[in-house]
Amino acid sequence: MARNPTDDVSQVVLLLDVNPFFWGAEAASGGRSNGSGGLAFDQYFQHALMFVNGILLLNHTNRIVIIATGSSTCAFLYDSTATDGINGSSVTSKANKKTQVSRTELITKSMQEFVSKEEEASKESSQIQYSNISGSLSMALCYIQRVLRGPLPHPQARILCLQGSPDAPYQYISVMNSIFSAQRNGVVIDACVVGSQHSAFLQQATHITGGIYMKPPQPDGLFEYLMMVFTTDLFSRQFLQLPRPVGVDFRASCFCHKKTIDMGFVCSVCLSIFCKHHQTCSTCGATFSRSNSTTVTGMKRKAPGS
Amino acid sequence: MPRVRVVSRNFMEMVAALPAAKLDLLYDRHWTCQAVFRSLPPLAKQYVLRLLWVENAVPLKSWQEWARPEALSKHQIAIDRLEQLRVILPERKKEVCYRMNPKLQKQLRQALSTGGGPPRDVVSESVAARVPNSADLENYAMKQWESVLLQLVDCAADGPAGPKNPFIIKVFQRSGLLTPSSRENESPSLTDLGFQFLLMDTNSQLWQLVREYVTSSEDRGTDSGELVGFLLELGFHLVGEAYSVNSLSPALQKVLDELAALGLVKLQQGMKESWYIPTKLASNLSASLSESTDWQSSEGFVVVETNFKVYAYTSSKLQTEILRCFTRLEYQLPNLVVATLTKESVNKALGSGISAEQIISFLRKHAHPHVAQKIPVVPETVSDQLRLWETDRNRVQFEPAYFYDDFPTMAIYEAVVAHARDLGGLLFEDASAKRLIVRSDLHEDMRQYIRKQSSGAPAQRK
């Protein structure tokens with residue numbers, strides 16, 4: 001975090017995981033197989049909506065954007081500045097009134113639209129079961145970038161990932177790139193994992209950007225976790241005791257097969273990671289000499305069990 | 001700017017100073033709960049959110065563990081504030097416990113789950129067609145507000161005074177911005193406070209007036225609790241949306257007239273009903289309540305150059321008058337005023353009670369967008385010079401003091417000097433003539449000490 005916030009005005013981008021595969025499996029098993037303690041999708045959605053209301057209640061100038069993450073697509077669901085900020089000029093006051101009355105309805109409606117679109121899209125590629133987290137992260141960062149380029153003063157930007165489905169190894173590079181650009185822009189990434197497994201991606205994201213990572217032991221009480229931990233703005237974080245990371249899974253994925261590996265080969269020129277020895281680097285095209293490879297394979301043999 | 005915070009915090013202090021019964025009555029209303037919640041310090045807000053679903057009293061000790069040890073002072077401020085506003089109520093048990101005000105808890109929970117609150121009765125469709133668009137409304141608000149300030153400025157200038165609203169003049173006089181008029185036809189004049197007031201930003205100015213207005217409301221028979229509730233609620237109304245007047249109590253309807261004079265709302269009348277439309281000023285009012293930095297979106301218009309020239313892209317008479325308070329106007333074009341910060345003009349301003357810091361912050365706050373991105377906005381040469389001119393005036397300090405001399409011996413003199421120095425009140429000493437000057441508030445202490453010394457001295461000598 002480059003800047004020290006001086007006030008509690010925040011721009012929150014909420015990434016909602018609505019991956020039908022994850023929530024479908026959840027519903028089918030009654031929430032037992034995934035270990036998420038019986039958190040159903042409607043409950044999860046309710047809690048997220050209340051979190052949104054909470055953020056907007058905290059400060060007059062707080063803004064929130066919701067991005068839905070599906071398995072193959074992601075889309076903006078809601079932007080608080082779009083409905084609250086426009087007064088009269090383009091929208092007639094009558095229409096304006098309607099949108100104001102039902103923030104919840106508005107979000108629910110766009111969620112329904114998104115889900116039906118997602119259904120269409122996933123018919124074509126049914127083998128993907130991961131969430132498109134890299135896509136929604138990039139969208140969030142683009143949005144924040146636009147805010148930061150806008151007129152001063154800028155709110156403190158942070159991203160909250162409400163993640164259910166497991167990490168997609170093939171997204172390793174794009175997710176890491178998003179994380180690093182978030183770090184560069186001083187955007188904090190928080191993560192709340194409601195699925196059964198820890199997410200190595202998000203652990204690294206929160207570690208690098210100085211955010212909070214949490215995997216609630218009882219996901220059905222998600223709302224309490226959101227209220228206790230994730231509504232905290234960056235300014236108040238300086239003064240509050242917040243959950244500390246227990247350990248970060250720093251393992252990388254190889255660039256050739258996108259497998260998570262404990263030990264591997266690193267290109268000495270571009271730092272690309274591979275799970276086995278190559279003659280040339282597939283990223284930058286550097287050729288490796290023979291002598292180097294023998295020592296590395298020697299090392300690999302020593303690696304315990306992996 | 002810190003100034004805004006001070007003024008707006010004062011307003012919340014006023015709310016906090018309301019008697020408990022009245023305050024509780026306020027929390028019956030949905031919007032006041034939200035407004036009070038937003039006005040809390042950031043840490044306190046977090047606490048409230050955390051406590052929102054806790055039914056039992058929380059012991060202070062376990063509460064303290066929420067804060068980091070190094071932030072205990074912030075924690076204490078937050079707790080004090082919450083208790084002052086009766087957001088949390090102490091509960092006597094074995095140890096100090098607090099529980100949240102159940103009314104507030106209920107209202108805030110509802111706000112969280114519904115995302116807002118019940119809309120105030122909005123007027124019928126036919127009215128909506130007659131509501132002005134946002135640009136017109138903003139113009140109206142700005143014009144109204146400028147005319148209010150111009151009435152203040154007119155009192156400063158000797159020229160022909162424009163029409164005056166007796167209500168506004170009275171509010172100005174109450175808040176000490178204008179001297180009270182003793183005779184009927186004598187026009188009041190601007191006080192030091194009034195000059196400073198002109199340099200503040202709109203929100204602080206508004207708050208100061210509103211505050212004055214509320215404190216004097218009891219005299220006029222309006223219930224201050226009701227008024228505060230309404231003012232807080234006003235901030236949650238949609239700008240440019242019509243709200244029916246008829247649903248308000250008669251007292252509040254009268255208040256509306258006066259708020260309209262300030263430009264906070266616009267009143268319109270139809271055939272059967274009348275309605276009011278909150279302006280941007282009203283929504284900014286509650287936005288500035290929260291303790292965040294000032295989010296004023298007004299366009300700046302001033303460019304200050306290192307050669308002390310001030311270019312102000314404005315055609316407003318008010319802005320010109322304000323600039324005239326501390327600059328020498330060089331020339332005026334239809335949309336541009338060129339002025340110079342001279343020693344004479346700044347001295348005049350300093351003489352009328354404005355501080356250099358206020359001038360600088362005014363220039364900074366109203367900086368033209370083209371220079372607003374620069375750091376510093378006001379060239380250092382200019383700001384430094386302004387400060388130097390100010391310290392120039394304060395070269396001599398006056399301090400009431402006592403002068404002591406005629407000490408019998410050097411030993412006594414030295415003991416007395418040491419004593420005065422220990423007390424931190426020694427202003428001057430002259431050892432050769434055995435004289436010293438000490439601050440007047442220490443005189444009693446000094447006299448006793450000297451008496452003790454001079455009586456005890458012979459005994460010591462033995």
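The name an unreviewed UniProt entry assigns to chain B is RNA polymerase II transcription factor B subunit 2, from the organism Physcomitrium patens. Quoted verbatim from the Sequence similarities (unreviewed entry) field of UniProt, the annotation for chain B is "Belongs to the TFB2 family." Taken directly from UniProt, the Function (unreviewed entry) text for chain B runs: "Component of the general transcription and DNA repair factor IIH (TFIIH) core complex which is involved in general and transcription-coupled nucleotide excision repair (NER) of damaged DNA."

The name an unreviewed UniProt entry gives chain A is General transcription and DNA repair factor IIH subunit TFB4, with Physcomitrium patens as the organism. Looking at the Sequence similarities (unreviewed entry) heading of the UniProt record, one finds this comment for chain A: "Belongs to the TFB4 family." Recorded under Subcellular location (unreviewed entry), the UniProt text for chain A is reproduced unchanged: "Nucleus".

**Q** Outline the overall build of chain B, listing residues and values.
**A** Of regular secondary structure, chain B possesses 22 helices and 13 strands. Considering chain B as a whole, with its 462 residues, one finds that 50% of them fall into the buried category. Considering only intrachain contacts with a sequence separation of at least 6, the fraction spanning at least 24 residues in chain B is 66%. Surface summary for chain B: the accessible area is close to 22,500 Å², and the carbon and sulfur share equals 51%.

**Q** How would you sum up the pattern of salt bridges? Please name residues and give values.
**A** On inspection of all chains with the given rule, the structure shows 15 salt bridges over all chains. Of the charged contacts in the structure, one is a salt bridge between B:Asp24 and B:Arg86, with a shortest N-O distance of 3.0 Å. Here the residue B:Asp24 occupies a position in helix α2 (residues 20-26), and B:Arg86 occupies one in the loop between α6 (72-84) and β2 (88-92), the gap between them amounting to 62 residues. Look at B:Asp24 and you get buried, because its relative accessible area is 19%. Across the pair B:Lys103 and B:Asp28 runs a salt bridge whose closest N-O atoms are separated by 3.3 Å. With B:Lys103 in helix α7 (residues 102-114) and B:Asp28 in the loop between α2 and α3 (30-39), the pair connects residues that are 75 residues apart, well separated along the chain. If you follow the salt bridges from partner to partner, you end up with A:Arg158, A:Asp190 and A:Arg237 in one network.

**Q** So what about the side chain of B:Gln107? Which residues, and what values?
**A** Note on placement: B:Gln107 falls in helix α7. Every residue in contact with B:Gln107, bar those within four places of it in the chain, is listed here: B:Tyr27, B:Asp28, B:Arg29, B:His30 and B:Cys33.

**Q** Quick one: what's the story with the sheet that holds strand β12 (residues 426-430) of chain B, residue by residue and with numbers?
**A** Residues and elements named next belong to chain B. The sheet built from 3 strands is open, its strands ordered β11-β13-β12 with antiparallel pairing. Across the chains shown, the open sheet's two edge strands, defined by having one partner strand only, are β11 (401-404) and β12. Sheet twist, expressed as the mean angle between neighbouring strand axes with direction ignored, is 10°. Pairing of β11 with strand β13 (residues 435-439) involves 4 bridges; the strand directions are antiparallel. In the strand pairing of β13, Phe403 is matched with Ile437. The sheet strands contacting helix α21 (residues 410-423) are β12 and β13, and the helix crosses β12 at an angle near 160°.

**Q** An account of the sheet that holds strand β3 (residues 74-79) of chain A is needed here, citing residue identities and associated values.
**A** Neighbouring strands of a sheet are bound in pairs by backbone hydrogen bonds; such pairs are parallel or else antiparallel. All names here are of chain A. The 6 strands lie next to each other as β3-β2-β1-β4-β5-β6, forming an open sheet whose pairing is mixed. Unpaired on one side and paired on the other, β3 and β6 (213-214) mark the two borders of the sheet. As judged from the 5 bridges shared by strand β2 (residues 63-69) and β3, these two strands associate in the antiparallel manner. Each residue of the ladder has a partner; that of Thr69, found in β3, is Cys74.

**Q** How would you sum up helix α8 (residues 200-209) of chain A? Please name residues and give values.
**A** Side chains that are three or four residues apart share a direction in an α-helix, a result of its 3.6 residues per turn. Residues and elements named next belong to chain A. α8 sits mainly inside the fold: 8 of its 10 residues count as buried. Looking at the buried positions of α8, the neighbouring elements they touch are β4 (156-163), α7 (172-184), β5 (188-193) and β6. In the segment just after α8, Gly210 is the residue with positive phi, at about 80°.

**Q** How would you summarise the side chain of B:Ser316 if you had to cite specific residues and measurements?
**A** Position of B:Ser316 relative to the elements: it lies in the loop between β8 (309-312) and α16 (317-326). When its relative accessible area of 12% is taken as the criterion, B:Ser316 is described as buried.

**Q** An account of the packing of α3(B) against helix α13 (residues 224-234) of chain B is requested, with residue identities and associated values reported.
**A** In helix packing, the relevant descriptors are the interaxial angle and the interaxial distance, both defined with respect to the helix axes. Residue and element names in this part refer to chain B. At a minimum axis distance of 8 Å, the contact between α3 and α13 shows a crossing angle of 75°. It follows that α3 is roughly perpendicular to α13 by the angle criterion. Residue-level inspection shows Trp31, Thr32, Ala35 and Val36 of α3 in contact with α13, the latter providing Gly229, Leu232 and Glu233. Here the residues of the contact of α3 with α13 are counted per class, giving 4 nonpolar, 2 polar and 1 charged.

**Q** Can you break down the environment of B:Asp201 residue by residue, with the values?
**A** For B:Asp201, the position within the fold is in the loop between α11 (192-199) and α12 (202-215). Separated by 164 residues in the primary sequence, B:Asp201 and B:Lys365 have C-alpha atoms spaced 7.9 Å apart.

**Q** For unusual backbone geometry, give the residues involved together with the corresponding values.
**A** Backbone geometry at A:Leu271 places phi at a positive 65°, although glycine is not the residue there. Mapped onto the elements, A:Leu271 comes out in the loop between β9 (265-266) and β10 (273-274). In this model, B:Lys434 sits at a positive phi of 55°, which is unusual for a non-glycine residue. Positionally, B:Lys434 belongs in the loop between β12 and β13. B:Lys434 sits in the partly exposed class, given a relative accessible area of 23%.

Cut-off values and rules
- Residue numbers restart at each chain and count upward from 1, following the sequence in its written direction.
- For naming, the first written chain is A and the first written ligand is 1, with later ones following in the order written.
- Only residues with pLDDT of at least 70 get local features here, since the model is predicted, and only at 80 or more are side-chain atom pairs given and counted; chain-wide, interface and lining totals rely on the full set of residues.
- Side-chain figures throughout are based on the complete set of non-hydrogen atoms in the structure, without hydrogens or water.
- UniProt positions are given in the numbering used here, feature names are shortened, and annotations may be inferred rather than shown by experiment.
- By definition, any uninterrupted DSSP run of H or I lasting at least four residues is a helix, any uninterrupted run of E lasting at least two residues is a strand, and each is numbered from the N terminus.
- Throughout, exposure labels follow a simple rule: accessible area from a 1.4 Å probe, protein chains only, divided by the maximum for the residue type, with under 20% read as buried, over 50% as exposed, and the rest as partly exposed.
- Any two residues whose heavy atoms approach within 4.5 Å are treated as being in contact.
- Only the protein chains shown count as covering a residue, and every accessible area follows the Shrake-Rupley method with a 1.4 Å probe.
- Any Lys or Arg side-chain nitrogen found within 4 Å of a carboxyl oxygen on Asp or Glu counts as a salt bridge.
- Pairing between two strands requires that DSSP report at least two bridges joining them.
- Orientation is described by lines fitted to C-alpha atoms, with helices fitted over the stretch in contact, and by angles between N-to-C directions that extend from 0 to 180 degrees.
- With respect to orientation, any angle under 35 degrees is reported as roughly parallel, any angle over 145 as roughly antiparallel, any angle of 65 to 115 as roughly perpendicular, and every other angle as oblique.
- Only Asp, Glu, Lys and Arg are considered charged in this grouping, and only Ala, Val, Leu, Ile, Met, Phe, Trp, Tyr, Cys and Pro are considered nonpolar; every other residue, Gly among them, is considered polar.

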